Amino acid sequence: MNFLKGIFGKAKKTRGVSERGILVFHHTSEVIEAESHLSEAGLDVRVMGPPPEIQTGCDMVIEFPIMHQLQALDILEEKRIKPIQVTAVQDHLLEPVSLYNIRDFGDFLMVRAANMKITVDRQSLKIVNVSGGGCPDVPFLAEQLVGRPLHEAPEPRRFGRTLCGYSLQLAYEEMKRRCPG
């Protein structure tokens, strides 16, 4: 009976092969370093949250073009960075999740990347708040950014050396994409 359902019934959803893959690492510091080296080499990479089905590693993965898997692994091997898992995104269940959460408050726009948030006044494009995380450099980063126009403020990576600083850099870059000017 199941055989006939398979032929005449609804077509089964097949797992499609994606053009993207993900690199999974033990530690966030490895993700940050790997993303830097792969980007410098010209690969189109994005730091994302891991799919729920991946239970190993840290809270971030790197999404990359699967056709460049050998190149990516060669670059990482040269830098002595070894992912614990490399997999093709087979279907929607293995899709990495966005690290970003965008909140529109009318006059203000907030972008959260992982645990860090940056809020901008839409009219003036001034940074009005930086918050989140628990790293020791967060107050210093906030002091460097709050009150400055978004496009004149220093990049958080210039001062931050922690996961919070890295996450704030991602939020800052996303805010700049959403607020061109």
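Right above here is the structure, for reference.
Remember, it's a predicted structure, so these values are computed and weren't measured experimentally.

Caption draft 1: Up close: helix H4 (residues 138–145). Taken as a whole, H4 has its buried residues at Val138, Leu141, Ala142, Gln144 and Leu145. End-on view of H4: buried residues confined to an arc of 160 degrees, all on one side of the axis. The exposed set on the far side of H4, more than 90 degrees from its buried face, consists of Pro139 and Glu143. In the core, the buried residues of H4 are packed alongside strand S7 (116–121), strand S8 (127–132) and helix H5 (163–178). At the exit of H4 stands Gly147, carrying a positive phi of roughly 95 degrees.

Caption draft 2: Looking closely at the environment of Gln169. Tracing the chain through its elements places Gln169 in helix H5. It is 6.6 Å that separates the C-alpha atoms of Gln169 and Glu155, two residues lying 14 residues apart in sequence. Within polar-contact distance, the side chain of Gln169 engages the side chain of Glu155 at 3.4 Å.

Reading guide: rules and limits
Per chain, the residues get numbers from 1 upward, laid out in the order the sequence is written. Side-chain atom pairs in this predicted model are given and counted only at pLDDT of 80 or more, local residue features only at pLDDT of at least 70, and totals for whole chains, interfaces and linings cover all residues. Heavy atoms throughout the structure, all of them, feed into the side-chain values; hydrogens and water do not. For every residue, the accessible area obtained with a 1.4 Å probe (protein chains only) is divided by the maximum for its type, and the residue is called buried under 20%, exposed over 50%, and partly exposed between those limits. Labels follow the DSSP assignment, with helices taken as runs of H or I lasting at least four residues and strands as runs of E lasting at least two, numbered in each case from the N terminus. The arc refers to the directions leading from the helix axis to the C-beta atoms. Here a residue-residue contact requires only that any non-hydrogen atoms of the pair lie within 4.5 Å. A 3.5 Å cut-off defines polar contacts: any pair of N or O atoms within that distance qualifies, except that in protein one atom must be a possible hydrogen donor and the other a possible acceptor, and neighbouring residues in sequence count only when both atoms are side-chain atoms.

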